[in-house]
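If you want the building blocks of each chain, they are given just below.
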Amino acid sequence: MTTITLASKRRRSALKTLAFMSPWLIGFAVFFAYPLISTVYFSFMHYDGFGPPTWRGTRNWTYVFQSYPLFWPALRNTLWLVLVMVTLRVVFGLGVGLLITRIRTGTGVFRTLFYLPYLAPPVAATMAFAFLLNPGTGPVNSLLERVGIPAPGWFGDPTWSKPALTMLALWGVGDLMVIFMAALLDVPTEQYEAAELDGASPWQRFRYVTLPNISPIVMFAVVTGVIQTMQYYTQPLIAGKVASGVIQGAGTQFEPGYPERSTLTLPQLVYNLGFQRFEYGPACVVALVLFALSMVFTAFLMRRRGGLIQAGD
Amino acid sequence: MTQLLDRPAGLKARPSPAERTARRRAALEWIAVHSLGVAAALFFVLPFVFVLLTSLMSDSQALSRDLVPHTWEWGNYKKVLDTPGFLTWWRNTLVYAGLGTVLTVASSLPVAYALAKFRFRGRNLSLMLVISMMMLPPQVVIIPMYLFWAKQLDLSGTLWPLIIPMAFGDAFSVFLLRQFLTTIPNEYLDAARVDGCGELRTLLKVVVPMARPGLAAVALFQFFYAWNDYFGPQIYASENPGAWTLSYGLESFKGAHHTDWNLTMAATVLVMAPVILVFFFAQKAFVEGVTLTGVKG
């Protein structure tokens, strides 16, 4: 009988781990580490896709921050979306979550109806909203005018384009509803009974029992909402394209952030700089700004103590 | 239930005044909650209804302010399906989503299993890196990735730059599966190991059957991710209409028929419908997946 030494056993277990982890290890190196380092490299180079990249120092960075007219509007829009869209989505998601836990008849039907819009493909959902909110003949404005309310220009009007996008985001709140519903059903009923015995009003019960119990999930929704805003791309792009009447593939240059840069987001800038203007250097600068912002919020999500996603068991 | 059992039988016939007000209040609350529910349902459902109604209008009526079609133009759907390219986009989407889903599940499962059940140095660090990758906007690394696929491998104009990476573990799928696998008790795995199963056999024979709901959720999410993806096809496939997907092609549809809201909405319905159909067959797996992402691991 052969004796297995501790060292060889350990080596075998290390090899086993390596084998199981290998798909991701390769993927991490090839599709994350390497391109991330390259992005840093290109952010200091002049490169338009032809000829070798040449050293440009920090000029890409000063260009993006000082001369590129779209950077600050995009950052401001991101801030607006974080403050208004994320907040409203969390509040509305919690509201719908509370409502669905109160509904006694036809719960399944209601839950499915509330959830369905979340599934609609972003392009299709945005096209649908561009039609619904179309100022000329859209059903929403037809209805508003029938009841005598002045109808806004929605995606065609810089003051209404972000609110219109927010409505679209609220329509797809089904994911948050499900998460909040699960959290609400986990609140111990004894706490509600105790509060009721103490004569707490419904608002007090919500404020002192419900909220403290679900606050980690509220934070989770806020932080993931902010991270999603850092990636917000398809909806503002499609809304702007449809509203401006640009035809795809017809060679028309799309004005990013139509109307008047009001729907511009940072991911759109990467596309505009890199794939429309072939200025890969500045595009990489914007990509790194996006990276830094996303990592700050991700770190918040994973802080060692009190983190919302915990690594260890 | 318990209330019914606790209550003495005699009181049921003649409710006391206090009980009557309590009942009335409960009935009022039922009405309030359900009216609010109906109002919310209208907000969530009406957009679908208007899209459907418009997709069945005639060309001229789609440009009017009418809300309900005078004649039901079912032929609109045939016109959309006959549009050159539409069926190709459909096929491309199925290849991208189908192949991508199979590759993602096959490559993410062993990684998730190792992260959930093996003890090794660097495990927490690996998991943190997985989560960071999951949170990263795809635009952060798109410039070098595009140059890599298009200039070095000459694969632009195809969907391969989107499909191939899925064979190397998708961060979100790894995370979701790992969350699911940690809920499987170790005793089952130990029992299999005692019986002489290797790690791979344990994974395939013991873990996979138990993790079926988690695997279904990951597969669905990945399928929908590919189905909905706009940015990926825009970067790699935009120059070649033969490689477009439904999500990418849908917008061009609007361009080709630029004022034809009826046909555009019919196309929109055709892009939305499969997602919603699949959801009805796999509702449980989907909701379970969403819940898992929001629960502490």
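Residues numbered from 1 in each chain as written. Chains lettered and ligands numbered in written order. Predicted model: local features only at pLDDT ≥ 70, side-chain atom pairs only at ≥ 80, totals over all residues. Heavy atoms only, no water.

Asker: Help me understand the overall build of chain B in this model?
Answerer: If you tally the helices and strands in chain B, you get 17 helices and zero strands. Radius of gyration (C-alpha) of chain B: 26 Å, far over the 19 Å computed for a compact globule of 297 residues. Each of the three principal axes of chain B carries a C-alpha extent, and together these read 85 × 70 × 30 Å. The buried share of chain B, taken over its 297 residues, is 53%. The long-range fraction of contacts in chain B, counting pairs at least 24 apart against all pairs at least 6 apart in sequence, stands at 71%. Looking at chain B as shown, the accessible area adds up to about 13800 Å², and 66% of this sits on carbon and sulfur atoms. (Helix = DSSP H or I, 4+ residues; strand = E, 2+ residues; numbered from the N terminus. Rg over C-alpha atoms; globule rule 2.2 N^0.38 Å. Buried < 20%, exposed > 50% of the residue type's maximum accessible area, 1.4 Å probe, protein only. Contact = heavy atoms within 4.5 Å. Areas by Shrake-Rupley, 256 points an atom, 1.4 Å probe, with all protein chains shown as cover.)

Asker: Explain the environment of B:Pro233 to me, please; I cannot follow it from the model alone.
Answerer: All names here are of chain B. The residue Pro233 is located in helix 14 (residues 231-237) in this model. When the C-alpha atoms of Pro233 and Leu87 are compared, they prove to be 16 Å apart, with 146 residues separating the residues in sequence. Other than its neighbours up to four places away in sequence, Pro233 contacts Tyr96, Leu162, Ser238, Thr245 and Tyr248.

Asker: How do you make sense of the side chain of A:Ser294 when you look at a structure like this?
Answerer: Tracing the sequence through the fold places A:Ser294 in helix 13 (residues 280-302). Residue classification places A:Ser294 among the buried residues on the basis of a relative accessible area of 0%. The residues contacting A:Ser294, other than those within four sequence positions of it, are A:Met230, B:Met135 and B:Pro137.

Asker: Please explain the confidence of the model for chain A as it appears in this structure.
Answerer: Low-pLDDT stretches of the model should not have their predicted coordinates read in fine detail. Taken over all residues, the pLDDT of chain A has a mean of 91, while the share at 70 or more is 94%. Ranking the elements of chain A by mean pLDDT puts helix 6 (residues 139-146) of chain A last with 91 and helix 7 (residues 161-171) of chain A first with 98. (pLDDT = per-residue confidence, 0-100.)

Asker: Explain the pattern of salt bridges to me, please; I cannot follow it from the model alone.
Answerer: Should the charged atoms of two oppositely charged side chains come close, the side chains can pair. Taken as a whole, this structure holds 10 salt bridges over all chains when the rule is applied. Two residues, B:Glu251 and A:Lys241, come together in a salt bridge whose shortest N-O distance is 3.3 Å. In this pair, B:Glu251 sits in helix 15 (residues 246-256) while A:Lys241 sits in helix 11 (residues 234-244), so the two residues belong to two different chains. Using a relative accessible area of 4% as the deciding quantity, one classes B:Glu251 as buried. The residue B:Asp190 makes a salt bridge to B:Arg193 at a minimum N-O spacing of 3.3 Å. You can see B:Asp190 and its partner B:Arg193 sitting in helix 11 (residues 186-194), three residues apart, about one turn around the helix. B:Asp190 gets classed as partly exposed once you look at its relative accessible area, which sits at 37%. The class of B:Arg193 is partly exposed, set by a relative accessible area of 29%. (Salt bridge = Lys/Arg side-chain N within 4 Å of Asp/Glu carboxyl O.)

Asker: Please explain the packing of aromatic side chains as it appears in this structure.
Answerer: Working definition: an aromatic ring pair is given by the centre-to-centre distance plus the angle between the planes. The final tally for this structure, using the stated rule, is 47 aromatic pairs over all chains. Between B:Phe223 and B:Trp227, the aromatic rings sit 5.9 Å apart at their centres with planes inclined by 25°, giving stacked as the arrangement. With B:Phe223 and B:Trp227 both in helix 13 (residues 212-228) and four residues apart, this pair spans about one turn of that helix. Three or more aromatic residues joined by ring pairs form one cluster here, namely A:Tyr41, A:Phe42, A:Tyr47, A:Tyr233, A:Tyr271, A:Phe275, A:Tyr280, B:Tyr146, B:Phe231 and B:Tyr236. Lying across the ring of A:Tyr208, A:Arg207 places its NZ or CZ 5.1 Å from the centre. Note that B:Lys151 overlies the ring of A:Phe50, its terminal NZ or CZ placed 5.0 Å from the centroid. (Phe/Tyr/Trp six-rings, centres within 6.5 Å; stacked < 30°, edge-to-face > 60°. Lys NZ or Arg CZ within 6 Å of the ring centre and 35° of its normal.)

Asker: Would you mind going over the interface of chain B and chain A with me for this structure?
Answerer: In many reports, interface size means the accessible area that the parts give up when they come together. Counting from both sides, the interface comprises 104 residues of chain B and, opposite them, 103 residues of chain A. Each partner contributes to the roughly 9100 Å² buried at the junction of chain B and chain A, and carbon and sulfur atoms together form 75% of this total. At the junction of chain B with chain A, the criterion picks out four salt bridges. Here A:Glu145 and B:Arg65 are joined by a salt bridge, their closest N and O atoms 2.5 Å apart. Across the contact surface, chain B and chain A share 17 residue pairs in polar contact (both at pLDDT 80 or more). With 17 residues, the single largest contributor to the side of chain B that touches chain A is helix 3 (residues 17-55) of chain B. Split into classes, the residues belonging to the side of chain B that touches chain A amount to 70 nonpolar, 24 polar and 10 charged. (Buried area = accessible area lost by both parts, 1.4 Å probe. Polar contact = N/O pair within 3.5 Å; in protein donor to acceptor, adjacent residues only side chain to side chain. Nonpolar A, V, L, I, M, F, W, Y, C, P; charged D, E, K, R; others polar.)

Asker: How do you make sense of the environment of A:Asp186 when you look at a structure like this?
Answerer: Mapped onto the elements of the fold, A:Asp186 is located in the loop between helix 8 (174-185) and helix 9 (189-197). With 85 residues separating them along the chain, A:Asp186 and A:Thr101 place their C-alpha atoms 11 Å apart.

Asker: How should I be thinking about the side chain of A:Asn60 in this particular structure?
Answerer: Residue and element names in this part refer to chain A. Examined against the element boundaries, Asn60 turns out to sit in helix 2 (residues 59-67). Exposure remark for Asn60: the relative accessible area of 0% places this residue in the buried category. Polar contacts involving the side chain of Asn60 include one to the main-chain carbonyl oxygen of Met45, which spans 2.9 Å. Residues within four places of Asn60 in sequence aside, it is in contact with Phe42, Ser43, Phe44, Met45, Gly281, Pro282 and Val285.

Asker: Looking at this structure, how should I read helix 17 (residues 283-293) of chain B?
Answerer: Within an α-helix, residues lying three or four positions from one another point in the same direction, as the helix has 3.6 residues per turn. By the criterion of burial, helix 17 of chain B is predominantly enclosed, with eight of the 11 residues buried. Every buried residue of helix 17 of chain B is listed here: B:Ala285, B:Phe286, B:Val287, B:Gly289, B:Val290, B:Thr291, B:Leu292 and B:Thr293.

Asker: For this particular structure, what's the right way to read the packing of helix 5 (residues 122-132) of chain A against helix 11 of chain A?
Answerer: Relative orientation and spacing of two packed helices are given, respectively, by the angle between their axes and the distance between those axes. All names here are of chain A. In contact at an axis separation of 9 Å, helix 5 and helix 11 are set at 40° when each is read in the N-to-C sense. Relative to helix 11, the element helix 5 is oriented oblique. Like other packed secondary-structure pairs, helix 5 and helix 11 cross with a definite hand, here right-handed. Contacts between helix 5 and helix 11 involve Pro122, Val123, Thr126, Met127 and Ala130 on the former and, on the latter, Thr234, Gln235, Ile238, Ala239 and Val242. (Axes fitted to C-alpha atoms, helices over the stretch in contact; angles between N-to-C directions. Parallel < 35°, antiparallel > 145°, perpendicular 65-115°, else oblique. Left-handed = near helix turned anticlockwise from the far one by under 90°.)

Asker: Whenever I open this one, the packing of helix 2 of chain A against helix 13 of chain A confuses me. Can you help?
Answerer: Residues and elements named next belong to chain A. Between helix 2 and helix 13, the shortest axis-to-axis distance is 9 Å and the interhelical angle comes to 70°. As summarised for this structure, helix 2 and helix 13 are arranged roughly perpendicular, according to the angle between their axes. On helix 13, the residues that touch Asn60, Trp61, Tyr63, Val64 and Phe65 of helix 2 are Gly281, Pro282, Val285, Val286, Leu288 and Val289. For the contact of helix 2 with helix 13, the residue count by class is nine nonpolar, two polar and no charged.

Asker: Sorry if this is basic, but what is going on with unusual backbone geometry here?
Answerer: In terms of backbone geometry, most residues other than glycine have negative phi values and most peptide bonds are trans. Residues and elements named next belong to chain A. Residue Pro259 follows Tyr258 across a cis peptide bond; omega there is -5°. Here the phi dihedral of Glu260 falls at roughly 50°; this positive angle occurs in a residue that is not glycine. Along the polypeptide, Glu260 turns up in the loop between helix 11 and helix 12 (266-276). Classification of Glu260 by relative accessible area gives exposed; the value is 63%.

Asker: What is the right way to read a nonpolar patch on the surface from this model?
Answerer: Residues and elements named next belong to chain B. Where nonpolar side chains cluster on the molecular surface, the patch consists of Val38, Leu42, Leu46 and Val49 and spans about 290 Å² of accessible area. Tracing the sequence through the fold places Leu42 in helix 3. Using a relative accessible area of 46% as the deciding quantity, one classes Leu42 as partly exposed. (Patch = residues over 30% accessible without salt bridge, like charges linked within 9 Å, V, L, I, M, F, W, Y side chains within 5 Å.)

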